[in-house]
Amino acid sequence: MATNQVAESAVRVEVKNIGGITEASSTLPPGVSVLTGENATNRTSFLTALMAGLGSERASLKGDAERGSVTLEIDGTTYTRTLERQGETVAFGGDPFLDDPELADLFAFLLENNEARRTIARGDDLRELIMRPVDTDRIDAEIDSCKRERDEIDEELDRLDRLENELPELEEERQNTKEELNSTREDLDSVQDEIEAFDKDIEQSRSQKQELETAFQRVRDAKSELEDLEFDLETDRTTLEELESERSELQEKLSTVDEPEESPDRLSGRIQELRDRKRKIDDTISELGSVISFNEEMLEDEGVSVELADADSSGAPTDELLAADEMTCWTCGSSASADEISATLDRLRSLRADKLDERREVESNIDELSEKRSNLREQRNALEQAEDRLETVESDIEATQERIGDLESRIESKEEEVSDLEAEAESIEVGDHEDLLELHRESNELELRVENLESELASLDEKIAEREEAIQKRDALEADREDVSQRLTDLRTRIEDLEAEAVEAFNTHMETLLDILAYENLDRIWIERRQERVREGRRKVEKTRFDLHIVRSATDGTAYEDTIEHLSESEREVTGLVFALAGYLVHDVHEQLPFILLDSLEAIDSSRISRLVEYFRTHAPYITVALLPEDAAALSDDYTYITSVD
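Residues numbered from 1 in each chain as written. Predicted model: local features only at pLDDT ≥ 70, side-chain atom pairs only at ≥ 80, totals over all residues. Heavy atoms only, no water.

1. Some points on the overall build of the protein chain
Alright, step 1. Across its full length, the protein chain holds 13 helices and 13 strands.
Alright, step 2. Per-residue burial for the protein chain yields a buried fraction of 41% across its 646 residues. (Helix = DSSP H or I, 4+ residues; strand = E, 2+ residues; numbered from the N terminus. Buried < 20%, exposed > 50% of the residue type's maximum accessible area, 1.4 Å probe, protein only.)

Below, the structure is given as structure tokens:
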């Protein structure tokens, strides 16, 4: 392949057995490289070989070859793509420039069958194509994760608010408890001083005084045990009330919930049937795409026409491959006219579009049934969990009632024990018996009160310390919530922003190019982004649409809206190319692939091709375009021209 200039940072391309090329090599410098020649000179084969080296799998082996390869040398690094025939398919291997070629296939490799160009030409769903590379499922999962994280932080912040609101009351309670404790200690000290004074006055034996003190200690110990039992009884009675309330709620819930009428397992079978059907549709779509792409390329490179028998979903999409214009078919040797072949290819394209619609419908049904199955499983699980919980609650109620009965019996016994111990203490005779007995009884009560107040104060100190420590985390939590909210906002708007950017990019570039290309009476082509409610299965959901608007001027200067069907072929091709360019820019394809490849521009006149290529060169470091000689003649002399395939 001969070139008229080579730059230092040029890309070296070597091709073997790709499309119609047996062997060829070339060097593509930065800027615009023009592949110029008549039809059937392997210009498209070279572009598809370059696509393969860059990562695409939309290339074919030469008809008589078992293996082929493309080698690229870019910035000192070598990338290799291999193709090997395996039965009726071709296996791709090697280490190409791109790991994932989806973006490039859609928005950088702009050959005749490029999907972005064809989407405009056919009036298909523009929004679906521009958003196809976006992993919306992953974004939705991230949104759900952020929502959960935000809700957890909100719950924690609400808890901190409650703790903070409780602090003044707790601190006041602590202060009151301290004051009461100090007062009670003073009362206790006073009573004990009086007891000591009595002890000095009475002349009974030490053993009598010790006996009295021991008796009252037994009373204190018994009362302390009685308080513990009463506390446990109150706790269990509260627990019993909560369990009985929960039992009532569960019984009411179970009485209103019916067993699911439909089995999730039955739905699983229907879902599997739909998935099997989708796989078959995918296979048909893939086969149709391969046949269409292969024969479009053969028509371009070999000057051969193909007739494909009408295909349906139950059989192969093609039965015959025939050569036209008195040329021998590469498969069967028959012949057909170019018009017949073009019509058949149009039918195949229409069939593929129908299959794509059918796949979308099947996917929608799968989603609907999967959601229904999930709801049924949740309903069944909720029912089973409620039944299991009711059984547990019934058991807990029975156990709690048994504990309450046991505690009531033990309290009754302990009350009798306290009464007996008090009677025993009162029976001990000492001097000034009644006064001393009363002082010991009062001391006993005060000591118990001091113990309880000390325990209560310790508990309050712990609660306040816990709340103060937790509240210190508020600033960090609020910062975390702000971060999560920002992430959530970014995720929610990522799809909307991308849609808006795509529309803005298309509208801006379309307006600029229409001005540059100066189509007669074509005032404006623009995309409107709007929301509409559509039915998916049994549900209606909000969907975004990209509506293409075309504004023309009548002879009297009046503006009116036209349709895509009334655009000239040249206008449609330019619109498709601009749509692809918008995708190239919005998805930042240039960051991973500095190439745009252009082919099949014959519908556009040479002067406009020149201005179009000049416009594209400002958006990608490497532009490679295949043109007929008469079209190439209108382009700048500063470009690199490749005139033959060696």
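2. Focus on unusual backbone geometry
Alright, step 1. Its identity as a non-glycine residue notwithstanding, Asn17 has a phi of 60 degrees, on the positive side.
Alright, step 2. If you trace the backbone, Asn17 turns up in strand E1 (residues 11-18).

3. Here we look at helix H1 (residues 43-54)
Alright, step 1. Helix length check: H1 (twelve residues) gives 17 Å between terminal C-alpha atoms against 16 Å at 1.5 Å per residue, within 8%.
Alright, step 2. Taking burial as the measure, the twelve residues of H1 include twelve buried ones, the bulk of the element.
Alright, step 3. Looking one or two places after H1, you find Gly55, whose phi comes out positive at around 135 degrees. (Expected span 1.5 Å × (residues − 1).)

4. Notes on the sheet that holds E1
Alright, step 1. The strand order E2-E1-E4-E5-E6 describes an open sheet built from five strands, whose pairing is antiparallel. Taken across any chain shown, the strands that pair with only one partner, and hence form the sheet edges, are strand E2 (21-28) and strand E6 (89-95). Each strand of the sheet is rotated relative to its neighbour by a mean of 10 degrees, with strand direction disregarded.
Alright, step 2. Summarising the sheet, E1 and strand E4 (residues 67-74) pair through five bridges and their orientation is antiparallel. Across the sheet, residue Val13 finds its bridge partner in E4, namely Leu72. (Pairing = 2+ DSSP bridges. Axes fitted to C-alpha atoms, helices over the stretch in contact; angles between N-to-C directions.)

5. Observations concerning the sheet that holds strand E7 (residues 109-110)
Alright, step 1. An order of E7-E11-E12-E3-E13 is seen for the five strands of this open sheet, with the pairing classed as parallel. Sheet topology places E7 and strand E13 (640-642) at the edges, where each strand pairs with a single neighbour.

6. Side note on the packing of aromatic side chains
Alright, step 1. Counting across every chain of the model gives three aromatic pairs.
Alright, step 2. Summarising the aromatic geometry, the rings of Tyr79 and Phe97 are spaced 5.1 Å apart at their centres and angled 75 degrees between planes, so their arrangement reads as edge-to-face. Here Tyr79 is found in strand E5 (residues 77-86), whereas its partner Phe97 is found in the loop between E6 and helix H2 (102-107), with 18 residues between them in sequence.
Alright, step 3. The exposure class of Tyr79 is buried, given its relative accessible area of 16%. (Phe/Tyr/Trp six-rings, centres within 6.5 Å; stacked < 30°, edge-to-face > 60°.)

7. What to know about the pairing of E4
Alright, step 1. In this sheet, E5 lies alongside E4 in antiparallel orientation, the contact comprising eight bridges. Bridge pairing in E5 links Val70 to Arg81.
Alright, step 2. Here E4 folds back onto E5 in antiparallel fashion, the turn holding two residues, of which Asp75 has a positive phi close to 50 degrees.

8. Structural notes on the packing of helix H3 (residues 115-122) against helix H11 (residues 569-586)
Alright, step 1. Here H3 crosses H11 at 130 degrees, and the two axes come no closer than 8 Å. On the basis of the axis angle, H3 is oblique to H11. By crossing handedness, the relation of H3 to H11 is classed as right-handed. Contact with H3, carried on its side by Ala116, Arg117, Arg118, Ile120 and Ala121, involves Arg572, Glu573, Thr575, Gly576, Leu577, Phe579 and Ala580 of H11 and no other residues of that element.
Alright, step 2. Grouping the amino acids of the contact of H3 with H11 by side-chain chemistry returns six nonpolar, two polar and four charged. (Parallel < 35°, antiparallel > 145°, perpendicular 65-115°, else oblique. Left-handed = near helix turned anticlockwise from the far one by under 90°. Contact = heavy atoms within 4.5 Å. Nonpolar A, V, L, I, M, F, W, Y, C, P; charged D, E, K, R; others polar.)

9. Remarks on the environment of Ala24
Alright, step 1. Position of Ala24 relative to the elements: it lies in strand E2.
Alright, step 2. In this structure Ala24 comes out as buried when scored by relative accessible area, which is 5%.

10. Digging into the confidence of the model for the protein chain
Alright, step 1. Put simply, the protein chain has an average pLDDT of 82, and 86% of its residues get 70 or more.
Alright, step 2. Long-range and interchain partners of residues 1-7, a stretch whose pLDDT sits below 50, account for 28 contacts in this model, where long-range means more than four residues apart.
Alright, step 3. Overall, residues 301-333 carries pLDDT values under 50, and its contacts beyond four positions in sequence, including any with other chains, amount to 93 contacts. (pLDDT = per-residue confidence, 0-100.)

11. Some remarks on helix H10 (residues 474-517)
Alright, step 1. Under the 1.5 Å per step criterion, the end-to-end length of H10 is 61 Å for 44 residues, consistent within 8% with the ideal 64 Å.
Alright, step 2. Along H10, the sharpest kink reaches roughly 40 degrees, centred on Arg494.
Alright, step 3. Looking one or two residues past H10, Ala518 carries a phi angle of roughly 55 degrees, positive in sign. (Bend = angle between axes of the 7 residues up to and from the residue.)

12. Structural notes on the pattern of salt bridges
Alright, step 1. Across all of its chains, the model carries 42 salt bridges by this definition.
Alright, step 2. Arg247 is the salt-bridge partner of Glu394, the closest N and O atoms lying 3.2 Å from each other. Here Glu394, found in helix H8 (residues 338-426), pairs with Arg247, found in helix H6 (residues 206-256); they are 147 residues apart in sequence, far enough to count as distant.
Alright, step 3. Note that Glu417 and Lys414 form a salt bridge whose closest N and O atoms lie 2.9 Å from each other. Linking Glu417 with Lys414, this pair stays in helix H8, spanning three residues, or about one helical turn.
Alright, step 4. For Glu417, a relative accessible area of 34% translates into the label partly exposed. (Salt bridge = Lys/Arg side-chain N within 4 Å of Asp/Glu carboxyl O.)

13. A word on the nonpolar core
Alright, step 1. Of all hydrophobic cores here, the largest spans 103 residues; its most connected members are Val13, Val34, Phe579, Leu593, Ile596, Leu598 and Phe616.
Alright, step 2. At 14 residues, H10 tops the list of elements feeding residues into this core.
Alright, step 3. Those residues in contact with Leu593 that lie beyond four places of it in its chain are Leu54, Phe97, Leu98, Ala104, Ala108, Phe109 and Tyr584. (Core = buried A, V, L, I, M, F, W, Y, C linked by side-chain atoms within 4.5 Å.)

14. Things to note about the pairing of strand E11 (residues 595-598)
Alright, step 1. Neither face of E11 is exposed, since Phe595 and Leu597 on one face and Ile596 and Leu598 on the opposite face are all buried.
Alright, step 2. Where E7 lies against E11, two bridges are found, and the strand directions are parallel. Bridging from a neighbouring strand, Leu110 pairs with Leu598 of E11.
Alright, step 3. The pairing of E11 with strand E12 (residues 622-627) spans four bridges and is classified as parallel.

15. Brief notes about empty space enclosed by the protein
Alright, step 1. Applying the stated criterion across every chain yields a total of two cavities of 30 Å³ or more.
Alright, step 2. Here the second largest cavity is characterised by a volume of approximately 50 Å³.
Alright, step 3. The wall of the second largest cavity is formed by Phe216, Val219, Lys223, Glu422, Ala425, Glu426, Arg441, Asn444 and Glu445.
Alright, step 4. Breaking the lining of the second largest cavity down by element, the ones donating at least two residues are H6, H8 and helix H9 (433-471).
Alright, step 5. For the lining of the second largest cavity, the residue count by class is three nonpolar, one polar and five charged. (1 Å grid on protein atoms, 1.4 Å probe; cavity = no way out; pocket = protein on both sides within 12 Å on 5 of 7 lines; lining within 4 Å. Points joined across faces, edges and corners; volume = space filled by probe spheres on them.)

16. Quick notes on the packing of H10 against H11
Alright, step 1. Axis separation between H10 and H11 bottoms out at 8 Å; the angle between their running directions is 135 degrees. The pairing of H10 with H11 is recorded here as oblique in orientation. For the pair H10 and H11, the crossing hand works out as right-handed. Within the contact between the two elements, H10 uses Leu498, Glu501, Ala502, Ala505, Phe506, His509, Met510, Leu513 and Leu517 and H11 uses Val574, Thr575, Val578, Phe579, Leu581, Ala582, Leu585 and Val586.
Alright, step 2. For the contact of H10 with H11, the per-class residue count stands at 14 nonpolar, two polar and one charged.

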